[in-house]
Amino acid sequence: MTKSNLPAYRDLPRRGGLPAAWDVWEGDARYFGCLNLLTPEKVSAAAGLVSTGRVFPMNWDMRKPDPPLFGRSPFGHEVTGDERAVSHDDVLHDWNTQSSSQWDGFRHIRNFAAQTDEEGTGHFGGVADDEHGVHHWAQRGIAGRAVLCDVARWREKIGRPIQHDKSDPIEADELLECLAHQGTKLEEGDILLVRTGWIGWYERQPREVRERMAVVSELRTPGLRSDERTAEVLWDMHIAAIAADNPAVEVWPPGALRTAEENAEVRADRRRMHEIFTHTLFLPMLGLPLGEMFVLDHLADDCAADGRYTGLFTSAPLNLPSGVASPPNALVIK
């Protein structure tokens, strides 16, 4: 990776005792965080990667997972008119923008340690709660160089396949090992796509297994290890965003890799949540957008076949003022 002018994780100024990228970008740039790295030059270079014209959509079926995870409610799909009508409309009832493939926006998570800081909001850049929103991202668009990190295929090759029904941690340094194995080099401003194989596994499960997973206390999924080392490695990659095909990018549930006593101690002080839930570092402290439940299997098969793990990435989030999250409406074009 080429040398960056961005500070290393350990050199970032601290807020609430934690490294924070709040001062890296000022003014309206705080609405975008690491997306600021998607410069016109980066987008133009990414467009030059298109050679075959093969297109890989990232959005999952909006009705999946089914039943929804994390206690979210299913939505109702009403089609107006009947078979004799001149036209139809769609009406979605009780639709949650985070029920399927999604970007987590900066309004989604706050950090309570940073909330004690003089700026007081706990959201990225100290921006007020209702001033953040995915509409900022929608009005700019998200485009750049996609890099697939096929951890599932690599772990299978080294004899340690990912366990999709368990809180199986992927170490941050394993991302680097996997990329090296693929012969893939990251560049500043890349959109990193991490494949765990979870969606493909989920699609093969019977209804009774899916229903059990929909019980919040029963859900166990693989993902990045929840710790500050993961935040450090991803920041020092200087990527623009990270997206994965599992429900939370990181391992689920928070604290799955800690003892009950350790979890109780952390949960007693919300300023320590970053110790078991790295969302509280990624989004509010580092301004790193998180994509969850992106469909990556078809892209991964193509990359394994031609040995090329990069492509042009595009995403058009919902232009929803003050929106917390959005379907990605994302494509990778090779």
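Residues numbered from 1 in each chain as written. Predicted model: local features only at pLDDT ≥ 70, side-chain atom pairs only at ≥ 80, totals over all residues. Heavy atoms only, no water.

## Things to note about helix α11 (residues 297-306)
Where α11 is concerned, the buried positions are L299, A300, D302 and C303. Taken around the axis of α11, the buried residues stretch over an arc of 165°, which confines them to a single face. In α11, the exposed residues that point more than 90 degrees away from the buried face are H298 and A305. Taken from the residues just after α11, G307 is the one with a positive phi, measuring 75°. (Buried < 20%, exposed > 50% of the residue type's maximum accessible area, 1.4 Å probe, protein only. Helix = DSSP H or I, 4+ residues; strand = E, 2+ residues; numbered from the N terminus. Arc of directions from axis to C-beta.)

## Some details on the sheet that holds strand β12 (residues 290-292)
Read across the open sheet, the nine strands follow the order β3-β15-β13-β7-β9-β11-β12-β6-β14; overall the sheet is mixed. Unpaired on one side and paired on the other, β3 (55-57) and β14 (325-326) mark the two borders of the sheet. Against the sheet, helix α5 (residues 172-182) engages β7 (142-149) and β9 (191-194), with an angle of about 85° to β7. (Pairing = 2+ DSSP bridges. Contact = heavy atoms within 4.5 Å. Axes fitted to C-alpha atoms, helices over the stretch in contact; angles between N-to-C directions.)

## Digging into unusual backbone geometry
Here the amide bond leading from D66 into P67 is cis, since omega sits at 0°, within 30 degrees of zero. Within the secondary structure, P67 sits in the loop between β3 and β4 (76-79). The linkage connecting W252 with the following residue, P253, adopts the cis geometry, with an omega of 5°. On the secondary structure map, P253 appears in the loop between β11 (241-244) and α9 (260-267).

## Re the nonpolar core
By size, the foremost hydrophobic cluster in this structure holds 90 residues, and its most contacted members are L175, L192, L193, L234, I242 and F313. Setting aside residues up to four positions removed in sequence, L192 forms contacts with V147, C149, L175, L186, L234, M237, I239, A241, I242 and A243. (Core = buried A, V, L, I, M, F, W, Y, C linked by side-chain atoms within 4.5 Å.)

## Section: the pattern of salt bridges
Counted under the stated rule, the structure contains 28 salt bridges. In this structure, the salt-bridge partner of R155 is E174, at a minimum N-O distance of 3.6 Å. You can see R155 sitting in helix α4 (residues 151-157) and its partner E174 sitting in helix α5, a full 19 residues away along the chain. The buried category is assigned to R155, whose relative accessible area is 1%. Overall, the relative accessible area of 5% leaves E174 in the buried class. One salt bridge connects R271 with D269, and the closest N-O pair in it is separated by 3.0 Å. One continuous salt-bridge network, built from bridges that share partners, spans D150, R153, R195, D297 and D301. (Salt bridge = Lys/Arg side-chain N within 4 Å of Asp/Glu carboxyl O.)

## Points about the packing of aromatic side chains
Ring pairs (aromatic) are described by centroid distance and by the angle formed between their planes. With the rule as written, the count across this model stands at eleven aromatic pairs. Between W60 and W198, the aromatic rings sit 6.2 Å apart at their centres with planes inclined by 85°, giving edge-to-face as the arrangement. Taken as a pair, W60 in the loop between β3 and β4 and W198 in helix α6 (residues 198-203) lie far apart in primary sequence, 138 residues in all. Like W60, the residue W198 is buried in the burial classification. (Phe/Tyr/Trp six-rings, centres within 6.5 Å; stacked < 30°, edge-to-face > 60°.)

## Here we look at the pairing of β7
In terms of burial, β7 is largely enclosed, as seven of its eight residues are buried. By the bridge criterion, six bridges tie β7 to strand β13 (residues 310-315) in an arrangement that is antiparallel. By the bridge assignment, A143 is partnered in β13 with T314. In this sheet, β9 lies alongside β7 in parallel orientation, the contact comprising four bridges. In the sheet register, C149 faces β9, and the bridge partner there is V194.

## What about the side chain of R210?
Looking at the secondary structure, you find R210 in helix α7 (residues 207-213). Buried charged residue R210 carries no salt bridge. Nearest counter-charge: E203, at 4.1 Å. Among residues more than four places away in sequence, those in contact with R210 are K64, D66, P67, Y202, E203 and Q205. (Lys, Arg positive; Asp, Glu negative; His and termini not counted.)

## Focus on the packing of α5 against helix α8 (residues 228-237)
At a minimum axis distance of 8 Å, the contact between α5 and α8 shows a crossing angle of 40°. Judged on the interaxial angle alone, α8 and α5 are oblique. Of the residues in α8, those touching α5 at A172, D173, L175 and L176 are R229, T230, V233, L234 and M237. (Parallel < 35°, antiparallel > 145°, perpendicular 65-115°, else oblique.)

## Brief notes about the environment of F70
Counting through the fold element by element, F70 comes out in the loop between β3 and β4. Among all residues touching F70, those that are not within four sequence positions of it are V216, L219, P247 and W252.

Everything listed here is a matter of geometry and, on its own, says nothing about what the molecule does.
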